[in-house]
Every structure is written in C-alpha cells, then in structure tokens.
4 protein chains.
Amino acid sequence: MGDVIFAAKLDHGLFGILRRDAGEAWHAYIEHPFVLALGAGTLPEAAFRAYLVQDYLFLIQFARAYALAAYKSGNLAELRAAGAAMTAIVDVEMPLHIAYCRGWGLSEADMEATPEAMQTVAYTRFVLDRGTSGDRLDLDVALAPCVIGYAEVANLLKAHPATKLDGNPYAAWIEMYAGPEYQTVAIAAIDGLERTGAARGANARYPDLLRTFVAATALETEFWQMSL
Amino acid sequence: MGDVIFAAKLDHGLFGILRRDAGEAWHAYIEHPFVLALGAGTLPEAAFRAYLVQDYLFLIQFARAYALAAYKSGNLAELRAAGAAMTAIVDVEMPLHIAYCRGWGLSEADMEATPEAMQTVAYTRFVLDRGTSGDRLDLDVALAPCVIGYAEVANLLKAHPATKLDGNPYAAWIEMYAGPEYQTVAIAAIDGLERTGAARGANARYPDLLRTFVAATALETEFWQMSL
Amino acid sequence: MGDVIFAAKLDHGLFGILRRDAGEAWHAYIEHPFVLALGAGTLPEAAFRAYLVQDYLFLIQFARAYALAAYKSGNLAELRAAGAAMTAIVDVEMPLHIAYCRGWGLSEADMEATPEAMQTVAYTRFVLDRGTSGDRLDLDVALAPCVIGYAEVANLLKAHPATKLDGNPYAAWIEMYAGPEYQTVAIAAIDGLERTGAARGANARYPDLLRTFVAATALETEFWQMSL
Amino acid sequence: MGDVIFAAKLDHGLFGILRRDAGEAWHAYIEHPFVLALGAGTLPEAAFRAYLVQDYLFLIQFARAYALAAYKSGNLAELRAAGAAMTAIVDVEMPLHIAYCRGWGLSEADMEATPEAMQTVAYTRFVLDRGTSGDRLDLDVALAPCVIGYAEVANLLKAHPATKLDGNPYAAWIEMYAGPEYQTVAIAAIDGLERTGAARGANARYPDLLRTFVAATALETEFWQMSL
C-alpha cells in the first residue's frame, strides 16, 4: 500500500534528512490549522473555495515548473520524465481539479479571471526562481514540500483521531491525496530527488538545499494560512 | 529640476498610460498609509527598521533583475546600460543603504541573516519571472512601479500638506528619493521604457503589459503593508 | 490536401514575409545540394547516416525548446499546446526516428553516445538562446525554419523534375515530411506564429525578428552542409 | 610572477583534473596550428583580422555569460564578483579590443555589422545554455577553457622555441595574455572554479562536468580553426 511505502521513506535519504532538519517549519506546514480543519470537516466552505481557486492558479505555475525541469534535462530519459509530469498536471490533474471545483460551484472561467493571491505568487515564483537560478536539484528541492507534503498531509489526516470522513465535505479531497495514485506520485518524487541528489552532489550542497527546502515549506504554510 | 521634468512625464508615453490605467491600484501604492506616515514622521521606528531590512534583501534581488536584463540584451549598448544599472545597485546603492541602515542600528550581517519576508519574495520573484518568461519589455514593465514609483512617492511627500521634514526621522529617506540623483534615475527609466516599448511592440502587447504592471504595483503595495 | 493548404500560406502573414525577406538565404536552405541529392537518391548513404545521428541529437534539443516554450507560456492554453508539441517529439517523433534509424543500422545507444557536431550545437543552442533571451515570439521565429522548412523541402522534392522516388532509399523520408501528418504540423506552426506575432507586436519588432529568422536559416543550411 | 603561479595551478584542483582528463582535446586546443602560427608570426593577416572580428562578437556573448552568472548568484558577494567580471569585459576589455582592432584597420561599426560565424554561435550559445540549463558550476566549467586557456596559450607561446616576438605582428596579442593583468584574471578563474566546485558538489558531478569541459574545449578549437 502506497501510504505504508511512503511512510517508510519519510525518515531516510535526502528527503528524509531535509524533512527532519526543517523541524518545526515542516510540522507547522503539515499540521497547519487549515489542514486539521479539513480533516475535522470544520473548515468554512468559503475558505475552501478560496483555496480551490488559488490552487487552480497554482497548478498552472506548477506545470510551468515541470516544463522548466524538462528544459533543464541533460538526457532524453530526464526530459521524458519531466515532460510526463508536466503533461500529467495539464491533461489529467487540471481537468480533475476543474471538474472537482465545478462541484463546488466554481467555473474555470471565473478561476482563470481571479488574480493570483500574493501567497500564490510568492511560493510559485520562488520555486521557478530556484529552478532558473540553480539547477534541477535546486528546482526539485523547492518542489518537494508541495509534491511530497500533500501525500503526508493526507496520510496524517486519515490517521488523525480528530478526522471524520463521514459527512465531511472535504472527504473526497483527503481520499484523493491519500489514494494509491497520488501516493505513487509522491513516492516517485522522493525517489527522483534521491537520484538527482546523488548525481548532482547533494551532500556537498546540503546547507544551501536545506535553506531552499525550509523557505519553500514556509511559503507553502502561508498558502494554507491565506485561506483562513 | 528633476522633479519638474519627472512630473511632466507622468501622463505621457508608455509609463504614463500604464500608470493611468492602473488607476486605483497605483494610488493605493503611491499614497499608501506607510508612505504618508513616513511623510508625517509618525511611522513607528520598528516598522521602518523592518522595512529597511527587507529593502536590503529586496535590493539583492533587484540587482539580479538588472543582471537578467543585461543577459537578455541584444546589443552592446543595451548590455552596457543594464550592466551599469546593476553595478549602480551593487556598488553604490547598496553601500549607501548599508551605511544608512547602520545609522538605524542595523548591521549588514544581521540583515543578510534575516529571512526574506513573503512580501519580499512575492514581488522580487514575480519581477524575475516576468523577465525569464517574457522579454526585456516584460521585465522593464515589472520593474517600473518600483524604480519610477519611488521618485513619485518622494515628490508627493515633498508637496503634501501633512508632510513635515523638520525633526522627521525619515526626512533623509524622503530627501534621497526626491533628490536630483534619484529623480534622474527615474526619468531615465521612463525614457528607457519608452524606447524598449517602441522597439518591442508595446502597443500590440498592451493588455498583457498592463496586467504585469498592475500585478507588480499590487505586490509593491503589499511590501509597504508588510511593515505596518 | 496538406501541401496545397501549406503552399497557399507560404506568401502571406508573418511567416510568408520572413520567408520572402530571407531571400537567397531561404533558397540556399530549401534547395540545398543535400536536399536535392535526397530527392535524386544520389546522396551517399554514409552522409545520410551521419545526418540521421545528428538529427537524433538535434531532436532532443528541439524537445527542450518546446519545454522552454511551455515554461514561457502566459496561460493554460499556450502551456497545453507547447506541452503537446514537446510530448509529440519525445513520445511520437523520437520513437519513429529511432525505429527508422534502426532500419539504417543505427542503434539508439550508439546515437546517444555520439558527440553533437558543431553544426548541431550551433543551431539548437541558437534557438534555445533566442528563447531565453527573448520571448515566445523570438523563440517561435527561431524554430520556424526547421519546423516549417522541412514541409516545404518535402513538397519541393515531390514536385521537382529531378526527384525520383522509385528505388530511392530516401523515399520514405520524403514521403514522411510530405505526408498529411507533417504538413498539418507545419500549417499549425505557421498559424501559431501568426497568432503569437499578432499578440506580441511582430510588426514593430520586424527587423529584429528577420535577423533571427535569417540567422536560424543559415544555421539550418550548415546542418545540411555538415553531412556532405 | 603570474605565469609561474598560473603554471603551478595547472595540475591541481578541479581545473587541473578537468584539464588532465580532457587529454588530447586540451592539447589540440592549446597547441592549435592557429596558435603556433601566431607565435611564429606566420599567420596570414587576413586570418587574424577574421579572428579579431569574431572575437569582438564573441566578447559580447561572453559578457552576457557573466551577466547570467550574476543573475544566478546566491548572495551579494557572488553577485558583486560576477558583476565586476561583466563590467570588466564591457568597460575595459571591449574598449581595449576595439582600440586594438582599429590598429588593424577594423572599425567597431564594421565588426558589429558582421554576422556571427557558426563557430562563434556554437561556442558562445553552448556556454550560455550550460548556464541556463545547469547552475553556476556548469556555467563556470563551460567558461573555463576560454578564460583560463588563453593564459596557458600565451605562456606556452612565450616559452616555445618556434616563437619569435621581434617583428612579429602578433607580439602585442601574446604579451597581453602573457602579461600580469590577464594572468591574474586566469588565476582568479581557477580559484573561483575551485570554490564553486567545492560548494556545489563537483566531485559527485564530475563525469557530467568533464563532458561539458571537453565539449567547450572542442568548440574553442573550432574557433581557432575557423580563421585558418
């Protein structure tokens, strides 16, 4: 099961060490009041709708980040993997997100016309800037809190005593990120980070990578905070 | 006098039209409570210190934006101008800023060790992203609210009935941006924007450029707001 | 029929004007001795094999150029189109190319291990550099001689009195680029260039765009020349 | 003396290892017939003039590479150093080069109007692409054959039995690169590469860095070859 494999990877390798050393910053993100309110089903619906709209705008920038990763590829295998990740966002995740948002009364046209919140700009452009100013490893580390963190958030909520899924309007959201498909994406991201880290000297660059990871985690935390 | 020439340029050309069409967003930035409190000398000193620290971190990213402009240059003249702007920030403006901050009890080492605020990240990385995803014109439009806006802010404060310079701890800040040296920088930025706009099809691209200008202005407004 | 629609577009719009103004440089590329020898079936097989290997390396960089286009996209529709173009190269065109090369006795591993020729480096990195230093329009103009030119080359060969397809070892290559699938790609590229040109001020930027187009055409010509 | 310190650095550290492992490719570059003909004073003047014009165009792209390095800087010290290197090219090296070329009957206007040769495009855009697709270390490694190699070329010529400086029209060129000012630049580049390599994991990335170094060296060799 995805969540078991996933859990086993949280304390090892490059991601595990970054996560551990991010310490409080990581927990502030993973166990944010927005997250816990999602689990308890107590989050005001207006807050969730605001989150969904910004998440739509966020995903466009995230797809750009994978396009950047593809551009920065050194060989066909890397290019193919990054291209597939970009396509997965644009052709699979976004249509699913749009369909899900429609269920919440949000049309794509309205979402597209909404200005990006400062929090959306801050995290997404930080990630893209790490990618253009650094290399693939800098980019992957900046992406990790989002890609991998969402899987941990969903698993945490599934195991949390205060979570209730029955009658919880956010249950589908939780189940999606706790589901095998997304868990597999997160596991692949952990493994990919490990490989890129090995190939591109993560050990020697660790202090710098940790700064990127902590800054990205803090900006993700602000993204939760924005909707409260 | 710089401020007279500057004022004459506020209603014409590409910058004048962007400024006019930004409407309320522009006024919210130029006449922000933080700005007016600087003029009246009523801004809490802690707010100003917080602003100075983030402005230090901001300037580093701004120098990177001019380095990006130099990289994107199509000929030696453009390269030289962008390089000179970058050097002016790094070798003139930053030492002046550091000396000024020292007078406020802030050491460079402390400022360098302070994490960037989300507002600093949001505006600076937005500018850099417009520069890497677009061309020189997109970059220059994203830079304009800061470079040109500070000259307008200082002139507005000098002329404002509620401004008092005697005994105002922020008088030196106001005088610096109202002074002939900075006014000349702002006038050159207006003229440079006009030239780049003509060479790179600003008319046909206007709706997109206005979106960039308004978004950058709103992020600058958040930068003032941050310190309150 | 693709080639008729294609031919009708060669004298109009942004591409038509660039092609016309490139003059001799365009004809030197389209009617290059390498091309004519392909049509006549007289090209030495060693030259064709050398070309195929470099074309494999070329396609990897071309996929990177479309990844860059995706990264530079301003909205989801642009992102999707550029992403689809990148995926088409990586997941369709490259496997076809690899299969075709296998028929010529060239394994993918061997091709991947071959160093890029200077001509391959020059054209591909020129295109990528136009894309990073400029905007989407600069990038699309730099890509045009290749994407659109190959369709014109194939149509020219099909209509050329000296071409013979019977028993020509290069007939499949000619038929592929003259076929409806590739002609549709080229027509879409012409139309896309027209749209991007309108949105991003091509008229005002024309002298600069023509310089890019001519330089890219000359580098493509060198790419043919390389294998002779 | 610069050349003694320089020589002592050729066999150690990251640069020394790259140079050693580049093997024949390095020697083909450093002891190229163009170089030896410069030393012997037997190079046709037309070849030298062609070289000077392309070197002018080359330097513009090299300044862009340092602007890119400045953009990619992670702190103020790096930014300042890269900015100073860019300024040194634009404000010192280029005026000297232009003055020197004038002595050879070449006006700046004529040089600026000359199209870049394919060899110029290939090397400069390869370097810039390593910089945008990789990080500062990838960029610095791609720049190294040029920046450091020219100092080695000049020292080699000064020590070479076939070199004659009396009455050699190229003596000033040799003396310039053998002189203390340029030797200091080259030594600083070796030291900078060492520092960047240590900070960004050169050991783990060595095979990839060597590929970049060898490719850049081969493209520099083509640059000599071009003028013959």
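Going by the structure above, here's the rest.
Overview of the structure. These numbers come from a predicted model, not from an experiment. (Residues numbered from 1 in each chain as written. Chains lettered and ligands numbered in written order. Predicted model: local features only at pLDDT ≥ 70, side-chain atom pairs only at ≥ 80, totals over all residues. Heavy atoms only, no water.)

A short note on helix H10 (residues 171-178) of chain B
Residues and elements named next belong to chain B. Taken as a whole, H10 has its buried residues at Ala-171, Trp-173, Ile-174, Tyr-177 and Ala-178. Buried residues in H10, looked at end-on, bunch into an arc of 165 degrees, giving them a common side. Packed against the buried residues of H10 are helix H4 (33-40), helix H5 (45-71), helix H6 (76-103), helix H9 (136-159), helix H11 (180-199) and helix H12 (206-226). (Buried < 20%, exposed > 50% of the residue type's maximum accessible area, 1.4 Å probe, protein only. Helix = DSSP H or I, 4+ residues; strand = E, 2+ residues; numbered from the N terminus. Arc of directions from axis to C-beta. Contact = heavy atoms within 4.5 Å.)

Quick notes on the interface of chain B and chain C
Counting residues at the interface gives 15 residues for chain B and 15 residues for chain C. Summing both partners gives a buried area of about 1100 Å² for chain B against chain C, and 38% of it is carried by carbon and sulfur. If you sort the residues of chain B by the area they bury against chain C, Tyr71(B), Ser133(B) and Arg200(B) come out on top, with a joint share of 38%. Seen at the junction of chain B and chain C, the total is four salt bridges. Between Asp208(B) and Arg200(C) there is a salt bridge, with its nearest N and O atoms 3.6 Å apart. (Buried area = accessible area lost by both parts, 1.4 Å probe. Salt bridge = Lys/Arg side-chain N within 4 Å of Asp/Glu carboxyl O.)

Looking at empty space enclosed by the protein
Evaluated as defined, the whole model comprises two cavities of 30 Å³ or more. Of the voids in this model, the largest cavity is the one considered here, and its volume is about 140 Å³. As for the largest cavity, its lining consists of 14 residues, and the residues nearest its centre are Tyr71(A), Thr132(A), Thr132(B), Thr132(C) and Thr132(D). For the lining of the largest cavity, the elements supplying multiple residues, two or more each, are helix H5 (45-71) of chain A, H5 and helix H8 (118-133) of chain B, helix H5 (45-71) of chain C together with helix H5 (45-71) of chain D. When its residues are assigned to classes, the lining of the largest cavity shows eight nonpolar, five polar and one charged. Here the second largest cavity is characterised by a volume of approximately 40 Å³. Along its surface, the second largest cavity is lined by Arg125(A), Leu128(A), Asp129(A), Thr132(A), Arg125(B), Leu128(B), Asp129(B), Thr132(B), Tyr71(C) and Tyr71(D). Within the residue set of the lining of the second largest cavity, elements represented by two or more residues are helix H8 (118-133) of chain A together with H8 of chain B. Residues belonging to the lining of the second largest cavity are distributed by class as follows: four nonpolar, two polar and four charged. (1 Å grid on protein atoms, 1.4 Å probe; cavity = no way out; pocket = protein on both sides within 12 Å on 5 of 7 lines; lining within 4 Å. Points joined across faces, edges and corners; volume = space filled by probe spheres on them. Nonpolar A, V, L, I, M, F, W, Y, C, P; charged D, E, K, R; others polar.)

Re the relation of the copies chain C and chain A
Of the transformation placing chain C onto chain A, the axial shift is 0.0 Å and the rotation is 180 degrees, giving an RMSD of 0.0 Å. Taken together, the turn and the small shift mark the pair as related by a two-fold rotation axis. Residue Ala67(C) of chain C places its C-alpha closer to the rotation axis than any other residue of that unit, at 2.5 Å. (Least-squares fit on C-alpha atoms with pLDDT ≥ 70 in both.)

Let's talk about the pattern of salt bridges
Opposite charge on two side chains permits pairing when their charged atoms draw close. Counted under the stated rule, the structure contains 72 salt bridges over all chains. Between Asp208(B) and Arg211(B) there is a salt bridge whose closest N-O contact spans 3.5 Å. Linking Asp208(B) with Arg211(B), this pair stays in helix H12, spanning three residues, or about one helical turn. Among the residues examined, Arg211(B) registers a relative accessible area of 56% and is labelled exposed. Here Arg20(C) and Asp21(C) are joined by a salt bridge, their closest N and O atoms 2.9 Å apart.

Topic: the environment of Val121(B)
Relative to the assigned elements, Val121(B) resides in helix H8. The class of Val121(B) is buried, set by a relative accessible area of 4%. Linking Val121(B) and His160(B), residues 39 residues apart in sequence, is a C-alpha distance of 31 Å. With residues up to four places along the chain from it excluded, the contact list for Val121(B) reads Ala122(A), Phe126(A), Leu219(A), Glu116(B) and Phe126(B).

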